[in-house]
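Each chain is listed here by its residues.
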Amino acid sequence: INAEYGGLRTDKAFWLATDGNPDMTEKPMNNLDDMIIRISRCNVCGGPSKIVTRHSFTSETPECPDNFHPIWNGYSYLMGTSSGDSGSGQSLSSAGSCLENFYVPTFIECLGRGTCAFYINNIDYWLAQNQETNQPGMWGMGSVYSGITQIMDEGVARCTVCAADVRMKHLNYFGKAK
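Residues numbered from 1 in each chain as written. Predicted model: local features only at pLDDT ≥ 70, side-chain atom pairs only at ≥ 80, totals over all residues. Heavy atoms only, no water.

Colleague: Let's hear about the overall build of the protein: which residues, and what values?
Modeller: Helix and strand counts for the protein come out as two helices and nine strands. Reading the secondary structure of the protein in the N-to-C direction produces β-α-β-β-β-β-β-β-β-α-β. When each of the 178 residues of the protein is scored for burial, the buried share is 33%. (Helix = DSSP H or I, 4+ residues; strand = E, 2+ residues; numbered from the N terminus. Buried < 20%, exposed > 50% of the residue type's maximum accessible area, 1.4 Å probe, protein only.)

The structure is reproduced here in structure tokens:
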């Protein structure tokens, strides 16, 4: 089947941004070289271990469960929204909900017409700290912070991504487990 697929003008894609200091007044980019330096890179790894993400809802990074070890600690990211009914997010149990670094804006939006930008109406949602409860929420929304450091220390909840400890079996030359 020969089929040609092209982006529609109304299509949107959201990409995790680099932690650079973007110019929010910059016009939408249509040059790939300009866009690529603003989109974060990642590695996707596979293995025999189960991965879990834990959120503390406090400024402390949570411990991993028994028989698990930490892979990284970070900040609890929930989702981002854009104009209209569009946005992106992931399950709080996924490793993608625990970002190692806190920065805003967290994502860059690309449109089907071939442009990408940091739009002023894009909003990031991070889990807020709440010392009194272990229920997720956005309790910090009414708080006023005096800068990004105070938000990181007192506003955004912390998280840990954990991997299950795996015991590998050694097989001898004849294929029997030892």
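Colleague: Would you mind going over the nonpolar core in detail, with residue names and values included?
Modeller: Counting residues in each nonpolar core, the largest one holds eight residues, listed as Ala-17, Met-29, Met-35, Ile-39, Ile-108, Cys-110, Cys-116 and Phe-118. Residues in contact with Cys-110, not counting those within four places in the same chain, are Asp-11, Lys-12, Ala-13, Trp-15, Thr-115 and Cys-116. Counting residues in hydrophobic clusters, the runner-up holds seven residues, among them Tyr-75, Leu-99, Trp-126 and Val-156. (Core = buried A, V, L, I, M, F, W, Y, C linked by side-chain atoms within 4.5 Å. Contact = heavy atoms within 4.5 Å.)

Colleague: Please provide a residue-by-residue account of the sheet that holds strand 1 (residues 12-16), values included.
Modeller: What links the strands of a sheet is backbone hydrogen bonding, and the strands pair in either a parallel or an antiparallel sense. Spatially, the three strands line up as an open sheet ordered 1-6-7, and their pairing is antiparallel. At either margin of the open sheet sits one strand with a lone partner, and together these are strand 1 and strand 7 (115-117). Averaged over all adjacent pairs, the angle separating strand axes in this sheet is 25°, with direction ignored. In the sheet, strand 1 pairs with strand 6 (residues 107-111) via five bridges, with the strands oriented antiparallel. Pairing of Phe-14 across the sheet is with Glu-109, part of strand 6. (Pairing = 2+ DSSP bridges. Axes fitted to C-alpha atoms, helices over the stretch in contact; angles between N-to-C directions.)

Colleague: Please set out the packing of aromatic side chains residue by residue, giving values where relevant.
Modeller: Applying the stated criterion to the full structure yields three aromatic pairs. The interplanar angle of 50° and the centroid separation of 4.6 Å between the aromatic rings of Phe-102 and Trp-126 together place this pair among those described as tilted. You can see Phe-102 sitting in the loop between strand 5 (98-99) and strand 6 and its partner Trp-126 sitting in strand 8 (residues 123-126), a full 24 residues away along the chain. Trp-126 shares its class with Phe-102; the two are buried. An aromatic cluster is defined as three or more aromatic residues linked by ring pairs; in this entry it consists of Tyr-75, Tyr-77, Phe-102 and Trp-126. The ring of Tyr-75 has Arg-158 lying over it, and the distance from NZ or CZ to the ring centre is 4.1 Å. (Phe/Tyr/Trp six-rings, centres within 6.5 Å; stacked < 30°, edge-to-face > 60°. Lys NZ or Arg CZ within 6 Å of the ring centre and 35° of its normal.)

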